[in-house]
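Chain by chain, the residues:
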Amino acid sequence: MSTSKALLHGDGLLNALTGVALEVQRARLVSEVLAAAGPGLERFGFQVAVISLDQQGYWVRYLTPQPHLLALQKRVVPGSRQPLDPRGPFQTVTTSEEPVLLLGMREIVRGYSGAVGHPAVETDLALVPDIGAIAPLHVRRSQWGALVLLHDELGEEDLAIIRLFALQLGSAIEVAQGFELLQRRTAELDLAHELASSGPRADSTVLCRRALETVSRSSESESAMLHRFDVDSGEYVLVGEAWGYQGALVERYRRFKIEEGHPLARAPLAVSARDLPFDAQAVAAEGLQHVAIVPLQIEGKPVGLLSLARARDVPYGEHELRSAEILGVQMASQLERARLSDESTRLYRDLKKSYDELGRTQQELVRHERLAALGELAAVMAHEVRNPLGVIFNSLTTLKRLLRPTGDSEMLLNMVGEEADRLNRIVGDLLDFVRPYELVKKQMAVEPIIANAVDAAAQSTLHSSVRVLTEFPRELPPFPLDAHLLKQALVNLIVNAAQAMPRGGTVTVRATVELVRGAPWLAVRVQDEGVGLTPRAAEKMFQPFFTTKATGTGLGLAVVKRIVDAHLGEITARANDQGTGTTFTVRLPPTTETRSVSLTPPRPSPSFPHG
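Cut-offs used in this document
- Residues numbered from 1 in each chain as written.
- Predicted model: local features only at pLDDT ≥ 70, side-chain atom pairs only at ≥ 80, totals over all residues.
- Heavy atoms only, no water.
- Helix = DSSP H or I, 4+ residues; strand = E, 2+ residues; numbered from the N terminus.
- Pairing = 2+ DSSP bridges.
- Axes fitted to C-alpha atoms, helices over the stretch in contact; angles between N-to-C directions.
- Contact = heavy atoms within 4.5 Å.
- Expected span 1.5 Å × (residues − 1).
- Buried < 20%, exposed > 50% of the residue type's maximum accessible area, 1.4 Å probe, protein only.
- Salt bridge = Lys/Arg side-chain N within 4 Å of Asp/Glu carboxyl O.
- Core = buried A, V, L, I, M, F, W, Y, C linked by side-chain atoms within 4.5 Å.
- Phe/Tyr/Trp six-rings, centres within 6.5 Å; stacked < 30°, edge-to-face > 60°.
- Left-handed = near helix turned anticlockwise from the far one by under 90°.
- Nonpolar A, V, L, I, M, F, W, Y, C, P; charged D, E, K, R; others polar.
- Patch = residues over 30% accessible without salt bridge, like charges linked within 9 Å, V, L, I, M, F, W, Y side chains within 5 Å.
- Areas by Shrake-Rupley, 256 points an atom, 1.4 Å probe, with all protein chains shown as cover.
- pLDDT = per-residue confidence, 0-100.

Remarks on the environment of A146
No. 1: By secondary structure assignment, the location of A146 is in strand β6 (residues 142-150).
No. 2: C-alpha of A146 to C-alpha of A133: the two residues are 13 residues apart in sequence and 9.9 Å apart in space.

Structure below.
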């Protein structure tokens, strides 16, 4: 060694260690304390090791980075926490309260190296000082570990100064541990505050990752997972991703169940991986040595599960489990708030849907009640109006036969007949609208029904300038239909189309088969070249008594709508692509089911001749 002997004795050693102690006292973390102490001592020619001690054995916290010292540990990672075999000179640490001077360090290292399976090389042993000192390090009045100093010039007279430095180093470690604890508690409080103040719609994945990171650092765990309890399935479901671990256990435990009454669901469990009551081999195969599982509950009900794991052979302590449980409950509260928020949102949507459905049902009920009242009124009107109409028609026929009127008299009598006939049609439309439709569906050919409807419309009201064309595919299969009612609906649509073309034009009736929700439906389109649709007409055209014609009753399309509804079909209207005219499309399903659209049955009406 180049360092003079005077430097390592008396005031020289005291001044040297005092300077290092001042550097150590300024550190705020245990790692910083060791990083200041080791190199500081090495500047004065010492070779240094700092050993920590716990129930599992010895742990290297710092080691002078020189090759010949590597045999002092099984797996050499300077600054790591790998366990040392308790055999050898370091057993003195457990019994001595004062620094101990060791002589013959080369022989000690040679024997220890052979015991741990790393035989020392003689050329390396020549670099090991033959004199060493071991001083216990005390933290909070209990032994934390030991400081090992190697130097050829050490003597018994130096142990008092080394003891003083060890006390200062232990004090610095204690302060650093307190500061680290304060940092952890501050981080835990920050997390608890963030979880408590976050709204139910906060990003659970982000909060989970931050919470797992904080819990892992607070409990000195290498990995952590958080599961929420799904009430519907009874399973524990992984929230986000695991922290610090991406192995096979993530997929294995993405979703799992715990039997009701299982101890794991009631109290925290902290065991070595090999003692786990389930999947011990799989967990150990992932390199995990100790596991802590903390069930999360609110008012005795499960809400989640927090799992922690260590790759180091250091068991979890009671205070670490308690800290994890406290933070876990905060995390569980956030999960429960999110679940309750989702549940309330779902219930609100369901309630709103039910309320809207109730509103539509009430509107439909009111409409049906009004139509029922209208049906009863129509029955009375048909009986009370058609009897006088019969007298009027009979009287007009008799007057024309007896008087044989000409000129103005003939014109007036014809006007009375036309208006009486219009009144009779109004009563007929009203009866058609309120008549109970009891459909009888049968497999019917479609083409004859459409042809009959075209003929009936042409014989009734179609102007000579209106042409009706029909288009069918080559083969149109039979459909379950009520032929009489479908014919009535098509007659009304064709007449409506003709009335929309006062100057004449073409009405085209097309029948095809279309796929609707995967089933073949019959589609009949009635297209005109008339004035087209206004927004108001498009909205109300199927409502009773709505009409845009001066002489219309507003019941023709309403009757069509009721007939189509009774067939469980659909009817739509849209403006033609050419910009003029309208196309009505009736779609009927291939089922034999029907819908009742009966109103109050009208009273029977007497028949009478038309004049």
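Still more ground to cover, so stick around.
A look at the sheet that holds strand β19 (residues 582-588)
No. 1: Reading across from one edge, β14-β16-β17-β19-β18 is the order of the 5 strands in this open sheet, with mixed pairing throughout. If you trace the sheet from one side to the other, it starts and ends with β14 (466-471) and β18 (570-575), each paired once. On average, adjacent strands in this sheet sit at an angle of 20° to one another, irrespective of strand direction.
No. 2: Where strand β17 (residues 519-527) meets β19, 6 bridges bridge the pair, whose relative direction is antiparallel. Considered in β19, the bridge of V526 is made with F584.
No. 3: Contacts from helix α14 (residues 556-566) reach β18 and β19 within the one sheet, and its direction differs from that of β18 by about 135°.

Brief notes about helix α2 (residues 30-42)
No. 1: For α2, which comprises 13 residues, the first-to-last C-alpha distance of 18 Å matches the rise-based estimate of 18 Å (1.5 Å per residue) to within 8%.
No. 2: For α2, the full list of buried residues reads V30, V33, L34, A36, A37, G38, G40 and L41.

Structural notes on unusual backbone geometry
No. 1: Here R517, not a glycine, exhibits a phi torsion of approximately 50°, which is positive.
No. 2: The residue R517 is located in the loop between β16 (505-516) and β17 in this model.
No. 3: For R517, a relative accessible area of 65% corresponds to the exposed category.
No. 4: Its identity is not glycine, yet L568 carries a phi of approximately 60°, on the positive side.

Side note on the pattern of salt bridges
Where charged atoms from two side chains of opposite charge come close, those side chains can pair.
No. 1: Evaluated as defined, the whole model comprises 15 salt bridges.
No. 2: The partner of E251 in a salt bridge is R254, with the nearest N and O atoms 2.8 Å apart.
No. 3: Note on R254: relative accessible area 25%, which makes it partly exposed.
No. 4: Two residues, R587 and E514, come together in a salt bridge whose shortest N-O distance is 3.1 Å. With R587 in strand β19 and E514 in strand β16, this residue pair connects regions lying 73 residues apart in the sequence.
No. 5: Because the salt bridges share partners, they merge into one network encompassing E241, E251 and R254.

Structural notes on the nonpolar core
No. 1: Membership of the largest hydrophobic core comes to 40 residues, with the highest contact counts inside it found for V446, I450, L481, L493 and L522.
No. 2: Secondary structure elements with two or more residues in this core: α11 (446-460), β15 (479-481), α12 (483-499), β16, β17, α14 and β19.
No. 3: In this view, V446 contacts L476, P477, F479, L481, A511 and L522; residues no more than four positions away in its chain are not counted.
No. 4: By size, the runner-up hydrophobic cluster in this structure holds 37 residues, among which are V24, F46, V48 and L101.

Some details on the sheet that holds strand β7 (residues 223-230)
No. 1: Taking strand neighbours across the sheet as the criterion, the 6 strands line up as β9-β8-β7-β12-β11-β10 in an open arrangement whose pairing is antiparallel. Among the strands making up the open sheet, the edge pair consists of β9 (255-256) and β10 (269-272).

Brief notes about the packing of aromatic side chains
No. 1: In total, this model carries 4 aromatic pairs according to the counting rule given.
No. 2: Aromatic side chains Y253 and F278 sit 6.4 Å apart centroid to centroid with 65° between the ring planes, which places their arrangement in the edge-to-face category. Of this pair, Y253 sits in the loop between α7 (248-252) and β9 while F278 is found in the loop between β10 and α8 (280-285), placing the two residues 25 residues apart along the sequence.
No. 3: By relative accessible area, which is 15% here, Y253 ends up buried.

Structural notes on α14
No. 1: Taken across its 11 residues, α14 has 8 buried, putting it largely inside the fold.
No. 2: All of the buried residues along α14 are L557, A558, V559, V560, R562, I563, V564 and A566.
No. 3: Within two residues after α14, L568 carries a phi angle of roughly 60°, on the positive side.

Brief notes about the packing of α12 against α14
No. 1: Close contact between α12 and α14 brings their axes to 9 Å; oriented N to C, the two are set at 145°. Here the hand of the crossing between α12 and α14 comes out left-handed. Note on element contacts: α14 touches α12 through G556, L557, V559, V560 and I563, opposite L485, L486, Q488, A489, N492, L493 and N496.
No. 2: When grouped by side-chain class, the residues that make up the contact of α12 with α14 number 8 nonpolar, 4 polar and no charged.

A short note on a nonpolar patch on the surface
No. 1: On the surface, L14, L164 and L167 cluster together to form a nonpolar patch covering roughly 230 Å² of accessible area.
No. 2: Considering the arrangement of structural elements, one finds L167 in helix α5 (residues 159-197).

Notes on the pairing of β7
No. 1: Counted residue by residue, β7 has 7 buried out of 8 residues, so it is predominantly covered.
No. 2: Pairing of β7 with strand β12 (residues 301-310), which is carried by 6 bridges, proceeds in the antiparallel orientation. Across the sheet, the residue bridging to S223 is A309, located in β12.
No. 3: Pairing of β7 with strand β8 (residues 235-238) involves 4 bridges; the strand directions are antiparallel. Among the inter-strand pairings, F229 is bridged to a residue of β8, identified as Y236.

Looking at the side chain of S307
No. 1: With respect to the secondary-structure elements, S307 resides in strand β12.
No. 2: S307 sits in the buried class, given a relative accessible area of 14%.
No. 3: Leave out the neighbours within four places in its chain, and S307 touches S223, A224, M225, A292 and I293.

Comments concerning the environment of G390
No. 1: Along the chain, G390 turns up in helix α9 (residues 318-403).
No. 2: Taking the C-alpha atoms as reference points, G390 and A420, 30 residues apart in sequence, are found 9.5 Å from one another.

Some words on the pairing of β8
Two faces belong to every sheet, and in a regular strand the side chains alternate between them.
No. 1: What sits between β7 and β8 in their antiparallel hairpin is a turn of 4 residues, with G234 showing a positive phi close to 75°.
No. 2: Both β8 and β9 contribute to a ladder of 2 bridges, which runs antiparallel. Directly across from Y236, in β9, lies its bridge partner F256.

Remarks on the environment of V416
No. 1: Along the chain, the position of V416 falls in helix α10 (residues 407-434).
No. 2: Here V416 falls in the partly exposed class, since its relative accessible area comes to 42%.

Thoughts on the confidence of the model for the chain
No. 1: The predicted model of the chain averages 77 in pLDDT, with 78% of residues at 70 or higher.
No. 2: Per-element mean pLDDT across the chain ranges from 48 in strand β3 (residues 83-84) up to 92 in β19.
No. 3: Confidence drops under a pLDDT of 50 for residues 1-6, and excluding neighbours within four residues, the segment shows 10 contacts in the predicted structure.
No. 4: A low-confidence stretch, residues 598-611 stays under pLDDT 50, and its non-local contacts, those more than four residues away or across chains, total 39 contacts.

With respect to the side chain of S272
No. 1: Note on placement: S272 falls in strand β10.
No. 2: A residue is classified by how much of its surface remains accessible, and S272, at 8% relative accessible area, is buried.
No. 3: For S272, the contacting residues outside a window of four places in its chain are Q289 and H290.

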